[in-house]
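Results of the structural survey
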Amino acid sequence: MATSSQTTGRVIPLYRSPLAPPATVPAVFRAAARILAMNGLYQGDHVPDAFDREMDVPHHLRPMSIVAALKTATTGDPHLPSLLSDEAISVLALRLEINGEGPTYGGIFDLEEHVDGWGDAEGRTMESAVAVLEAAADANEVAA
């Protein structure tokens, strides 16, 4: 006998599961790491072809930047922020250094730019981005 959720024919992605939505910064980091591992890391913007001129794949299924993965983990949309994704971006930005320096300013757009700058570095791989997110999750669980 099927349950009502089995008969809808709709598949709910793991990061949008009603049973385990990320509610903490470490959980957001882990969900974003899973998203990047599934979709891939994109450098240069939140997602490729952001204006849908060449692709008709939903944005949450495309390769994406680290910032976009953090937003997708909390809202399901790589362009839609939330208080929790902003907090995760802030925490991550303070952990990352570019040429030995942290973020210049503390506004959310500056912090997003810093995280994107780290992710856009030449030779940056999806594996290294996932490892950084996992390490950030571990560090924040210990600190909590």
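The present account deals with the structure reproduced in this document. Just so it is clear, the structure is predicted and the values come from calculations on it, not from any experiment. (Residues numbered from 1 in each chain as written. Predicted model: local features only at pLDDT ≥ 70, side-chain atom pairs only at ≥ 80, totals over all residues. Heavy atoms only, no water.)

**Brief notes about the nonpolar core**
Within the largest apolar cluster, 32 residues are counted, with the highest numbers of intra-cluster contacts made by Phe29, Leu36, Ile66, Leu70, Leu92, Val115 and Leu133. When residues of this core are traced back to their parent elements, those giving at least two are helix 2 (25–39), helix 3 (66–75), helix 4 (83–95), helix 5 (108–119) and helix 6 (126–143). If sequence neighbours within four positions are ignored, Leu36 has contacts with Leu41, Met64, Ser65, Ile66, Ala69, Met126, Ala129, Val130 and Leu133. (Core = buried A, V, L, I, M, F, W, Y, C linked by side-chain atoms within 4.5 Å. Buried < 20%, exposed > 50% of the residue type's maximum accessible area, 1.4 Å probe, protein only. Helix = DSSP H or I, 4+ residues; strand = E, 2+ residues; numbered from the N terminus. Contact = heavy atoms within 4.5 Å.)

**A word on the environment of Ile66**
Tracing the backbone through its elements, the reader meets Ile66 in helix 3. Note: C-alpha distance between Ile66 and Leu92 (26 residues apart in sequence) is 9.9 Å.

**Description of the pattern of salt bridges**
Counting across every chain of the model gives five salt bridges. Linking Arg30 and Glu134 is a salt bridge whose minimum nitrogen-to-oxygen distance equals 2.5 Å. Within this pair, whereas Arg30 is found in helix 2, its partner Glu134 is found in helix 6, the two being separated by 104 residues in sequence. Across the salt bridge formed by Lys71 and Glu112, the nearest N and O atoms sit 3.2 Å from each other. In this pair, Lys71 sits in helix 3 while Glu112 sits in helix 5, placing the two residues 41 residues apart along the sequence. Judged by its relative accessible area of 5%, Lys71 is buried. (Salt bridge = Lys/Arg side-chain N within 4 Å of Asp/Glu carboxyl O.)

**Regarding the packing of helix 3 against helix 4**
With their axes 8 Å apart at the nearest point, helix 3 and helix 4 run at an angle of 145° to one another. When the axes of helix 3 and helix 4 are compared, the crossing they make is right-handed. Of the residues in helix 4, those touching helix 3 at Ile66, Val67, Leu70, Lys71 and Thr74 are Leu84, Ser85, Ala88, Ile89 and Leu92. Across the contact of helix 3 with helix 4, the residue classes tally to seven nonpolar, two polar and one charged. (Axes fitted to C-alpha atoms, helices over the stretch in contact; angles between N-to-C directions. Left-handed = near helix turned anticlockwise from the far one by under 90°. Nonpolar A, V, L, I, M, F, W, Y, C, P; charged D, E, K, R; others polar.)

**A closer look at helix 3**
By the criterion of burial, helix 3 is predominantly enclosed, with 10 of the 10 residues buried. A positive phi of about 85° marks Gly76, the residue just after helix 3.

**Describing the packing of aromatic side chains**
Under the counting rule described, the total for this entry stands at zero aromatic pairs. Of note, Arg124 hangs over the ring of Trp118, and the distance from its end group to the ring centre comes to 3.6 Å. (Phe/Tyr/Trp six-rings, centres within 6.5 Å; stacked < 30°, edge-to-face > 60°. Lys NZ or Arg CZ within 6 Å of the ring centre and 35° of its normal.)

**A closer look at the packing of helix 2 against helix 3**
Look at helix 2 against helix 3: their axes get within 8 Å of each other, and the N-to-C directions meet at 115°. For the pair helix 2 and helix 3, the crossing hand works out as right-handed. Where helix 2 abuts helix 3, its residues Val28, Phe29, Ala31, Ala32, Ile35 and Leu36 lie against Ile66, Ala69, Leu70, Thr72, Ala73 and Thr74. Taken together, the residues of the contact of helix 2 with helix 3 sort by class into 10 nonpolar, two polar and no charged.

**Side note on the side chain of His46**
Tracing the sequence through the fold places His46 in the loop between helix 2 and helix 3. Exposure remark for His46: the relative accessible area of 15% places this residue in the buried category. When residues no more than four places from it in sequence are discounted, the contact partners of His46 are Pro63, Met64, Ser65, Val67, Ala68, Lys71, Pro78, His79 and Asp116.

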